[in-house]
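Understanding the architecture of this molecule
Take a look at the letters that make up each chain.
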Amino acid sequence: MQSSLGFPILTWLVFLPIIGMLLVLLVPLGKDERSREVSHIIMRWITVVITFIQLILAIVIYLNYNKGLPGVNDASTFQFVERLTWINANFPIIGHIKIEYFLGIDGLSVPMVLLTAIVCFVAVFPSFVIEKGVKGYFAMYLLLDTGMMGVFVALDFFLFYVFWELMLLPMYFLIGIWGGPRKEYAAIKFFIYTLVGSVFMLLVMIGLYYSVGSFSIIDMMNPENFKPNSIFEGMHTTIRYIAFMALFIGFAIKVPSVPFHTWLPDAHVEAPTPISVILAGVLLKMGTYGMIRIAFPIFPDAVGYFQSLIAWVGMISIIYGALCALGQHKVGQRDFKKLIAYSSVSHMGYVVLGLASMRPEGISGAIFQMFNHGTITSMLFMIVGVIYDRAHTRGLDEFGGLANKMPVYTGIMMVAFFAAIGLPGLSGFISEAMVFLGAFNTYPYLTIASGLGIILGAAYMLWTLQKVFFGNLPDRWNKPWDPTGKKFPGDDLIAREYLALVPLAIIIIYLGVYPNPMLSLMNTSVNYFVQFMKPYVLIGNFLSGM
Amino acid sequence: MGVGLTNYIVLSAILFGLGIFAIITRKNAILVLMGVELILNSANINFVAFAKFNKLNIEGHIAAIFVIMLAAIEVAVALAIVLNIYQNYKHINVDEIDSLKE
Amino acid sequence: MSGEVLLYIGTAILLFPLLSFVINLFFGKRIGKASSIVATSILGVVLILSFIIFYSKVFGHFENKLVQNGNILLEVSDKILQIKFTWLDLQTIQLKVGIGIDNLAAIMLVVVALISFLVHLFSIEYMSGDPRYSRYFAYLGLFTFSMNGIVLANNFLFMYIFWELVGISSYLLIGFWYEKKSASDAGKKAFLVNRVGDLGFFIGIMILYFSYGTLLFDDIFGSIAQGRLPFDSETILTLAGIFVFCGAIGKSAQFPLHVWLPDAMEGPTPVSALIHAATMVAAGVYLTARVYAMFTASALSFIASIGAITAFLAATIALTQVDFKRVLAYSTVSQLGYMIMSLGVGAYTMGFFHLVTHAWFKAALFLASGSVIHAMHHAAHHLGDHHTDPQDIRNMGGLRKTMPWTYRTFLFVTLAICGVPLTSGFLSKDGILAGTLAYAQLTGGWHWLIPIAGFASAGLTAFYMFRLLILSFHGEPKTNVAKHTKENNWIILLPLFVLSILSFWFFYSPNPLDAHQGWFPKAIVQPKSVVPDEQQWEFLLINGYNQNEHTFQQVEHASHHYINGFEEAMHHAHYPAMILSLLIAGTGILFAFLFYQFKILNPDTIVNQFPLLYKVSYKKWYFDEIYNATVVAATVGFAKISALFDLKIIDGLVNGSAWVARNLGYFIGHFDNIVIDGLVNLIANLTGFFGSMVRYLQTGRVQTYVAFAIVGLILLVYFLF
C-alpha cells in the first residue's frame, strides 16, 4: 500500500539506515594508515548523509502531517499507513499466525519520529572521535537507528517487538565494545534488564494474540475484538491487571523508573558520548511511548486500577532521581555523566507523572517533555563529551573555571543547564509546567511533593555549574600532568561540535518561546486519547466541559 | 552277545573324544589335522552303524563315502594352509598362531 | 494617546531591553566599549517610553473599547489597558496570556526604567576595565526585560515566567565575578532560596488553575467575585493566597527566606542598587499588590505578620554589621518588610507608595555606597594596599572631606529613609505607620504587636543609618586608604543627584506632612476585594456594606469622607503616628550621634553588658547556621543516603541477584558435570569393563575356540535335553 505521498515514506524512513549500513560495510579498509584514514572519513560522511536524509524525510512527514486526524485507536485516521501481510501461515501446534507489516503514525508518535531523526543526526558528530573499529561502529549505529525508528512507527505488536529487539543488539555491542573500563558489566546489565522487560512484553503479546486473533495494536484496543472465553476477555479481570503490570514493568525498565533504573547510570557512564546521547535522547522515550501506545490503551481498565501507583512511581522517580543526582557530588565516582543519568531518571519521572494524570495538559506535557528531555539531555551529554574529549576525565571535582577558558562552550552549556532546571523561555519549562498543571488536577498532593524535584534539580545543576565552570581552573591543568605532557587544551568549540550543539540549542529556545508547533501536532490525538481513556480512569474534572 | 549298535556308538564316541583331545592339546598343526580326521572317522562309523542297524540304509553309506571324499579334500586344503603358515611363521605351533585375535 | 498605541509602546518597553541583551551577548566582544553606550541608549529610549505611558495612563482618560484582532484581544478601559492572546493551545484548553497596563504598572514601569537607566549610566564608569564588560550590560538588559515582564504581566503564567527569569538574571549578576567562590555561592544560594518561594508560588498557581482553568488575573478574580472558590472552601482560598505570597516571601527576601539578600551583595554594587534594593526585591511587593484582591482577611494577617517580623528582625541585624553594603542590605530587607506589612494591614496605597519612594532613596544609597567603594578601591589600588577591605566601615571615616558630593547626597537620602519631614520617606513611612495603628485599633489583640514592630524598626532604622553615616563619613580617616580617596566623576555622581532629588516631598504631595493631598493616592486606589464578604475584614468593605449593625452605622456616618472604616481610622491615626514616628526616629538619630559622633556613650560597654544580644544581632540571628544545620544538611544527607542506597542496596540487589543466578549456574553446571554426566560415563565404563573382561576369552587360538564350542555344545545338549 502506498502512503499519501505517493511513496512509502515510513519504510524509507525506517530502512534507509540499513542501506547506509550496507554502504558502510562495503567501504574497503585500506592496508596502510593513510588509506584507512580515508575510508574512515568516507564511512563517517556516509552516516552523516544517511541520517541527514532521514531528517529531511522526517521534516517532510512533519510538513505533510494532518493535524486534524486523531489516530490512537482508529486505524482509518492514522497517517502514511503501510499495511501488508508479512507472515500468514499455519504452524504445527501453535496454529495460524498472521503478522502484518503495519506502519503508521499519529500525534503520539510524530514528535518521537522527529526526535529520533534529530538526535540520530546530531549524534553522528560526536562519533567522529571513535577511532577503534570504525566500520563496525557506524554499521551498528545505523542498525540502531533503524530499530528505534521502527519502534515508533510500528502498529503491529509483533513488528514492534521485532524492532524493539533489533535495537537491543547493536546497543549491546556499542556499549560493550566502544565503552569505558567497565563496559562489559554495563553492557550485560543493560542487555539483561531490557531482556527481562522484553520477556514480559512477549508473554503479554502472545496472550493478546490468542485473545484477539491479530497482532494489530489497534485491534487490541477494542474490547469487542476479544474472543469469548479468551484469557483477556472482559474488563477488570485479575489476569488483565497482571498483564498490564507486566507490560508496565517492561516499559518502566526502559524509561527507567525507580526501582528499575540502575542499569541507566552504568550504561551511561560506560557508553561513548554519542551512544549516551542516543540512549538518553531516544531510547528512554521508547519506554514511555510504549506505555501510551500499547499498555494504556489496551488495558484502560487496569490503568484506572493502578493509576495512583503509576503516579507514585512518577513522583518517586522525580525526587529519588534528583536526590541521587545531588548525591553524586558527595558519593561514588563523582562522575559528570552519572549525575546527568540520574537527572534523566528524575526528568522521565515527570513524563510518568504526566501520563498518570490523564488530563490533556498532563499528557501533552508528558509527550512534550519526552521531546524536550530528548533534546536537552542530548545536549548535556554532548557537553560532557566535549570536555571528556579534551581532558579524558569527567570527574566533577577535577574542573573549574571553564567559563573563562571556553566562553562559547559555557554559553551553550548554560542553555542546556537552565533548560534542564526548567527555566522559562526554554522548552523544558513548558512541558514541566504543563505536567504539573495537569497532574495537580488529578493528584494534588503527589504533585506538590514532586515540586521538591524542581528545587533539587536546581540544586544539583547549579552545584555542577559552580564546580565545573565557575571558580578557577585547578593548577594541575596548567602544567604538564600526563605522560604525554599535554596541557589542558583550552580551545573552544570546533565546527563539528557547533554542528551538533547549536541546532539543539535553537530548538530548545524556539520551543520555549513558541511551543505551539509541537503542541499542535499532538493536540488532536491527545484529546482523543483522553476521551478514549476517560470512562476508565480518574481525571480531575473540576473544570466544566471536561 | 553279538556286536550291537551301542558298541559302534561307544567306539565312535571314543574316537570323537580322542579327536577332540588331539585338536585341543596338540601343538603341532599336523597333529591337530589328524585329530580332525579322527572326528570325521568317528562320524563315518556312526553313519555306517546307523545304516546297518536303523532305517538309514544306503544313505548312511553314501554319507560315509561323501565324508571320506570331503576329508581328502579337507586334508589337501588344510595341508596347503599349514604349508603357508609354515612359510610365514617358520613353525606350525598352533599355540603361537593367534593373529585371529586381532 | 489612545489605548492601543500605549499597549504597543508597552510591548516595545518589554522587548527593547531584550534587544540590548541579544546585541551585547552576541556582538558584545566585537563592539567592545560601545556595548555600554548601546545598552544605555536603549534604556534611555525605554525610559522615555515609560514616561509617556506613565503620563498618559495616570493622568489620561480612556473610553472602554474591545478590539479582537485574530488571536489577539485588545481591551481598553480606564482601569486597565490589556492585550490577551492564546499562547498554549491544547484545543480543549487554551492558556491565555498577555500584558496589561494599569496605574500600578505605569508607575512601576517608570521606577524600573529610571533606576535601570541610571544604573546603566553609573556602570559605564564603575565597571570599566572589567574583562566581561559587555556581558555585564547584556545581563542588565536581560534583567530589565524580565522585570518589565513582571510589571506588565496580566496573568499568573507570565508573572511566573518573568519571575523565574528575574531570578536567573539575578543569579548571573550576583555571581558575575564567578572566580570568587563566595560570589558563585551567593548566586546559587539566592537562586535556590528563591526557588523554595517559587515552589510555593507555583503551588498557588496550580490551585488557581485547577479551580478556574485559566491564569488571567481578570478571569480568576472575576470567578472568585462570583463566589466560586477553590475546592469550594474558604480555607483553600486563604491557602492559595498564602502560597502565591510565598513567591513574594522569596523574592522580596521576607522572613524566613530573607537569608539570600545580604549574601547577594557579592555582586557588583550597581547591581545591588538595581536588583537587590530598588526593583527585583520590590517585585514581591508588586506581586502582592497585583493580586491583592484575592487575599482573605486571614491571608492578609499572615502577610502583615511576616512583614512586621521581617522589618524588625532585619533592623536588629543591621545594627551591628560592619560591611557597608550589608548594612544597606539589611535595611532593604527591613524596608521591604515595611511594605509587605503595609499591604497586609490594608494600607495598600501607602505600601506601594513606599515601594516607589524607597526605590529612589535606596538606589541612591547603594549607588553612593558604590561611589564610596569605587573610591576606596581606587585609593587602595593606588597605594598598592591589597589587605584593606574597601567595604568595611571600620576602614573608612572622614570621607566627608574627600568625597563631599557623595556625602551630601548620602546624608539627604539617609534622612529620607529615616523618615524625616520634607522627604518622600517621611510621607510614605508615616502613612504606613498610621495604617498599622489603624489596623491594630480596629482588630485589637495581638495585632498591636504589628505597629509596635513598625515603630521599633523605625527607631532602629534611624539609629543604624546614622551609625553607618557617621562611621564612614564623619570623624577622622581610620586608614590610609580612606585618607587618599577622591571624589568620583560626574558619570557616577549624576545618578546620585537625580535619585536624591526624587526624594523630595514635592514630587508627590504639595503638603510635606500629608501624602493624601498628592496625586499618588488618586492614582493608586486599593482594588475592590473579590473575596466573599465574610472572608474580609469588615472595615475594609467598601461603603460599609455589611450585616454587622455596628460597623454599618459607623461607616455610614463616615461615608461622606471615607470609602471604608479603615480609611477613617487611618486618617485619625495620622497625627499620632506622625508625632510618634518623629519622636522615635529623632531618638534613634540622637543615640547614633551620642554613640558614634560625640562618643558620650560607648557602644562597647553596651556590647559587654548584653553580649548575647550583640551576638545574636551580629550573627544575624543564626539563620544561616540553623538552615545549614537543618535544611541544607538534611537535603545533602538525604542525597547522600539516596546515592548510597542506589549504589549499595538497589544496585546491590541487582548485582546480588546476578550473583545468585551466576552461582546457581555454576552449581547446576557442576551438578551436570558430576552427577548426570557421571551416570552416563558410569554406564559406558561398565560396558567397557565387561568388554575388557570378555576380551580375555578371545585368545586367537583356534584350539581355545574349539574348546569353547564344545563346552557350549555340551551345555546346549545338557540344557536342551
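In every chain, residue numbers begin from 1 and rise along the written sequence. Chains carry letters and ligands carry numbers; both start at the beginning, A for chains and 1 for ligands, and go up in the order they are written. Per-residue local features of the predicted model are confined to residues with pLDDT of at least 70, and side-chain atom pairs are confined, for both listing and counting, to 80 or more; whole-chain, interface and lining totals are unaffected and use all residues. Each side-chain value is worked out from all heavy atoms of the structure, with water and hydrogens disregarded.

1. So, the overall build of chain A
Across its full length, chain A carries 20 helices and two strands. We take the radius of gyration over the C-alpha atoms and set the globule estimate at 2.2 Å times the residue count to the 0.38 power. Against the globule reference of 24 Å for 546 residues, chain A gives a C-alpha radius of gyration of 23 Å, in line with a compact fold. Taken along the three principal axes of its C-alpha coordinates, chain A extends 75 × 60 × 40 Å. Contacts are assigned to residue pairs with any non-hydrogen atoms lying within 4.5 Å of each other. Across chain A, every contact between residues at least 6 apart in sequence was considered, and the portion connecting residues at least 24 apart equals 79%. Each accessible area is a Shrake-Rupley result for a 1.4 Å probe, and residues are judged covered by the shown protein chains and nothing else. Per element, the accessible surface of chain A, about 17000 Å² overall, is 68% carbon and sulfur. As used throughout, the charge tally considers Lys and Arg to be positive and Asp and Glu to be negative, leaving His and the chain termini uncounted. Charge positions come from single atoms, namely NZ of Lys, CZ of Arg, CG of Asp or CD of Glu. Positive and negative side-chain charges in chain A, numbering 32 and 29 respectively, have mean positions lying 5 Å apart. A run of DSSP states H or I qualifies as a helix once it reaches four residues; a run of E qualifies as a strand once it reaches two. Both are numbered from the N-terminal end.

2. Observations concerning the overall build of chain B
Of regular secondary structure, chain B possesses three helices and zero strands. Start at the N end of chain B and walk to the C end: the helices and strands fall as α-α-α. Taken against the 2.2 N^0.38 rule, which gives 13 Å for 102 residues, the C-alpha radius of gyration of chain B at 17 Å runs more than 25% over that of a compact globule. Each principal axis of the C-alpha atoms in chain B carries an extent, and together these give about 50 × 25 × 20 Å. Burial classes follow relative accessibility: with a 1.4 Å probe on protein chains only, a residue under 20% of its type's maximum area counts as buried, one over 50% as exposed, and anything between as partly exposed. Looking at chain B as a whole, 27% of its 102 residues qualify as buried. By sequence separation, contacts in chain B at least 24 residues apart represent 56% of the contacts at least 6 residues apart. Both charge centroids of chain B, one from 6 positive and one from 7 negative side chains, sit 8 Å from each other.

3. Some words on the interface of chain C and chain A
Contact residues are listed per partner, giving 53 residues for chain C and 66 residues for chain A. Throughout, the accessible surface (probe 1.4 Å) given up by two parts as they are put together, summed over both, is called the buried area. With both sides pooled, the region where chain C packs onto chain A buries about 5300 Å², and carbon together with sulfur makes up 71% of that total. As used in this structure description, the phrase polar contact means that two N or O atoms lie within 3.5 Å; if the pair is within protein, one of them must be able to donate a hydrogen and the other to accept it, and residues adjacent in sequence are counted only when both atoms belong to side chains. In this assembly, chain C and chain A are joined by 18 residue pairs in polar contact (both at pLDDT 80 or more). Of all elements in the fold, only strand 3 (81–89), helix 5 (156–174), helix 6 (181–212) and helix 26 (623–695) of chain C reach the threshold of two or more residues within the side of chain C that touches chain A. For the side of chain C that touches chain A, the leading source of residues is helix 6 of chain C, giving 17 residues. Here the term charged refers only to Asp, Glu, Lys and Arg, the term nonpolar to Ala, Val, Leu, Ile, Met, Phe, Trp, Tyr, Cys and Pro, and the term polar to all other amino acids, Gly among them. The residue makeup of the side of chain C that touches chain A, split by class, is 34 nonpolar, eight polar and eleven charged.

4. Thoughts on the side chain of C:Thr479
Residues and elements named next belong to chain C. Here Thr479 lies in the loop between helix 18 (449–473) and helix 19 (480–483). Judged by relative accessible area, Thr479 falls into the buried class, the value being 18%. A polar side-chain atom of Thr479 sits 2.7 Å from the main-chain carbonyl oxygen of Asn395. When residues no more than four places from it in sequence are discounted, the contact partners of Thr479 are Asn395 and Met396.

5. Some thoughts on the pattern of salt bridges
Residue and element names in this part refer to chain C. By definition here, a salt bridge exists when the distance from a side-chain nitrogen of Lys or Arg to a carboxyl oxygen of Asp or Glu is within 4 Å. Counted according to the given criterion, the structure contains 23 salt bridges over all chains. Across the salt bridge formed by Lys188 and Asp185, the nearest N and O atoms sit 4.0 Å from each other. Here the residue Lys188 and the residue Asp185 both occupy positions in helix 6, the gap between them amounting to three residues, near one helical turn. Judged by relative accessible area, which is 15%, Lys188 ranks as buried. Residue classification places Asp185 among the partly exposed residues on the basis of a relative accessible area of 27%.

6. Comments concerning the sheet that holds strand 1 (residues 65–69) of chain C
All names here are of chain C. In this description, strands pair whenever DSSP reports at least two bridges between them. With respect to topology, four strands assemble into an open sheet ordered 1-2-3-4, the strand pairing being antiparallel. Edge positions in the open sheet fall to strand 1 and strand 4 (94–101), since each of these has one partner strand only. Neighbour to neighbour, the strand axes of the sheet diverge by 20° on average, direction disregarded. Bridging between strand 2 (residues 72–76) and strand 3 involves five bridges; their strand directions are antiparallel. Note on method: axes are straight lines fitted to C-alpha atoms, helices fitted across the in-contact stretch only, with angles between N-to-C directions ranging 0 to 180 degrees.

7. Some details on the interface of chain B and chain C
On the side of chain C, ten residues touch chain B, which itself brings twelve residues to the contact. For the pairing of chain B and chain C, the buried interface totals around 870 Å² over both sides, and the portion due to carbon and sulfur atoms is 61%. Applying the counting criterion to the chain B and chain C interface returns zero salt bridges. Our enumeration of links across chain B and chain C arrives at zero residue pairs in polar contact (both at pLDDT 80 or more). At four residues, helix 1 (residues 5–25) of chain B tops the list of elements feeding residues into the side of chain B that touches chain C. Tallied by class, the residues present in the side of chain B that touches chain C amount to seven nonpolar, one polar and four charged.

8. Description of the environment of C:Leu367
Among the secondary structure elements, C:Leu367 is positioned in helix 14 (residues 348–383). When near neighbours in sequence (up to four residues on either side) are disregarded, C:Leu367 contacts C:Val119, C:Phe122, C:Pro270, C:Ala273, C:Pro495, C:Leu496 and C:Leu499.

9. Some thoughts on the nonpolar core
Counting 468 residues, the largest nonpolar core has A:Phe157, A:Phe244, A:Phe296 and C:Phe156 as its most contacted members. In terms of residues, this core owes the most to one element, helix 14 of chain C, which gives 20 residues. In this structure A:Phe157 touches A:Met201, A:Met205, A:Leu208, A:Phe215, A:Ile217, A:Met220, A:Leu247 and A:Ile294, once residues within four positions along its chain are discounted. By convention a nonpolar core is built from buried Ala, Val, Leu, Ile, Met, Phe, Trp, Tyr and Cys residues, the set being connected through side-chain atoms within 4.5 Å. The next biggest cluster of nonpolar side chains, apart from the first, holds eleven residues, and it includes B:Leu33, B:Ala78, B:Val94 and C:Ile710.

10. Considerations on the pairing of strand 3 of chain C
Residue and element names in this part refer to chain C. In terms of burial, strand 3 is largely enclosed, as seven of its nine residues are buried. A loop of four residues connects strand 2 with strand 3, the two strands running antiparallel in sequence. Of the pairings in the sheet, the one linking strand 3 to strand 4 comprises eight bridges and is antiparallel in character. When the sheet's bridge partners are listed, Asp89 is paired in strand 4 with Gln94.

11. Notes on helix 8 (residues 238–254) of chain A
Taking 1.5 Å of rise per residue, the 17 residues of helix 8 of chain A would be expected to cover 24 Å, and the 25 Å separating its terminal C-alpha atoms lies within 8% of that figure. Most of helix 8 of chain A is tucked away: 13 of the 17 residues are buried. Between the first and last residue of a helix there are one fewer steps than residues, each counted as 1.5 Å, and that sum is the expected span.

12. Some points on the confidence of the model for chain A
For chain A, per-residue confidence averages 86 on the pLDDT scale, and residues scoring 70 or more make up 95% of the total. Confidence of the prediction at every residue is given by pLDDT, a number between 0 and 100. For chain A, per-element mean pLDDT is lowest for helix 14 (residues 402–405) of chain A, which scores 79, and highest for helix 3 (residues 110–122) of chain A, which scores 93.

13. What to know about helix 16 (residues 427–442) of chain A
In a regular helix each residue adds 1.5 Å, so 16 residues correspond to 22 Å; helix 16 of chain A covers 24 Å between its end C-alpha atoms and thus fits that length. Counting buried positions over the 16 residues of helix 16 of chain A gives 16, a clear majority of the element.

14. Some words on unusual backbone geometry
Backbone torsion omega between A:Val255 and A:Pro256 reads -10°, so that peptide bond is classified as cis. Within the secondary structure, A:Pro256 is located in the loop between helix 8 and helix 9 (263–270). With an omega of 0°, the peptide bond running from C:Phe255 to C:Pro256 counts as cis. The topology assignment puts C:Pro256 in the loop between helix 8 (234–251) and helix 9 (260–263). Residues other than glycine seldom take positive phi values, yet A:Met358 does so here, at roughly 60°. Mapping A:Met358 onto the fold places it in the loop between helix 12 (336–357) and helix 13 (360–391). Taking relative accessible area as the criterion, A:Met358 reaches 1% and is therefore assigned buried. Its identity is not glycine, yet C:Tyr622 carries a phi of approximately 60°, on the positive side. Relative to the helices and strands, C:Tyr622 resides in the loop between helix 25 (611–618) and helix 26.

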